[in-house]
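Chain by chain, the residues:
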Amino acid sequence: MADLVTVFQGIEGAELRVVATLGSLDYEIEFIRDDIERMYDGGEFDRAYRDLVANQVSADDFKRAVEIGDLECQLLLYDETIVFLFPSSRYEGIFASFDRQKPFPLLEVVDHASTIPHLSDSASDDD
């Protein structure tokens, strides 16, 4: 999925950390920056994946409870990292994380992700 990685690497002002495709039962890391890879082991990635899926399952009905429109992404902010979760279908999607910096091109990341074919069709896959 080099094209997927290229989409996120091409965002000016955003230092890419990790890109992964998330499935309902597993994940695949498409890109990981060298300094980030040295910081973690496979077990930590597995635990993070299980936490992400558990959060998705527990929050599945939120968008139906309030009329907020179609979900483009979920955003998680940490001290040093900004994480984007882009749903492509129920319990599947794309994980992209970046170094947190000021200013950060938040909407540019979302706009770039909308060019990924299976993400742009995700609204019709949810129901």
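Novice: Explanation requested: a nonpolar patch on the surface in the structure shown.
Specialist: A surface patch of nonpolar side chains, about 370 Å² in accessible area, is lined by Leu75, Leu77, Leu106 and Leu107. At the level of elements, β3 (74-77) and α5 (106-113) are the ones that each hand at least two residues to the nonpolar patch.

Novice: Please explain the pattern of salt bridges as it appears in this structure.
Specialist: Pairing is possible between side chains of opposite charge, provided their charged atoms come close. With the rule as written, the count across this model stands at three salt bridges. One salt bridge connects arginine 17 with aspartate 99, and the closest N-O pair in it is separated by 2.9 Å. Residue arginine 17 is located in strand β1 (residues 16-22), and its partner aspartate 99 is located in strand β5 (residues 92-99); the two are separated by 82 residues in the primary sequence. The class of arginine 17 is buried, set by a relative accessible area of 10%. Aspartate 99 serves as the salt-bridge partner of arginine 33, at 3.1 Å between the closest nitrogen and oxygen. With arginine 33 in the loop between β2 (27-32) and α2 (34-37) and aspartate 99 in strand β5, the pair connects residues that are 66 residues apart, well separated along the chain. The buried category is assigned to arginine 33, whose relative accessible area is 17%. Take aspartate 99: its relative accessible area is 17%, and that puts it in the buried class.

How each quantity is defined
- Along each chain, the written sequence defines residue order, and numbers are assigned to residues from 1.
- Totals for whole chains, interfaces and linings use all residues, but because this is a predicted model, local features are given only for residues with pLDDT of at least 70 and pairs of side-chain atoms are given and counted only at 80 or more.
- For the side-chain quantities, the full set of heavy atoms in the structure was used; hydrogens and water were omitted.
- Every patch collects residues that have over 30% relative accessible area and no salt bridge, joining them within 9 Å if they carry like charges and within 5 Å if they are nonpolar side chains (Val, Leu, Ile, Met, Phe, Trp, Tyr).
- Note on areas: Shrake-Rupley with a 1.4 Å probe; residue coverage comes only from the protein chains shown.
- Salt bridge criterion: a side-chain nitrogen from Lys or Arg within 4 Å of a carboxyl oxygen from Asp or Glu.
- Secondary structure elements follow DSSP: runs of H or I of four or more residues count as helices, runs of E of two or more count as strands, with numbering from the N terminus.
- Summary of the burial criterion: residues with accessible area below 20% of their type's maximum are buried, those above 50% are exposed, and those between are partly exposed, where the area comes from a 1.4 Å probe applied to protein chains only.

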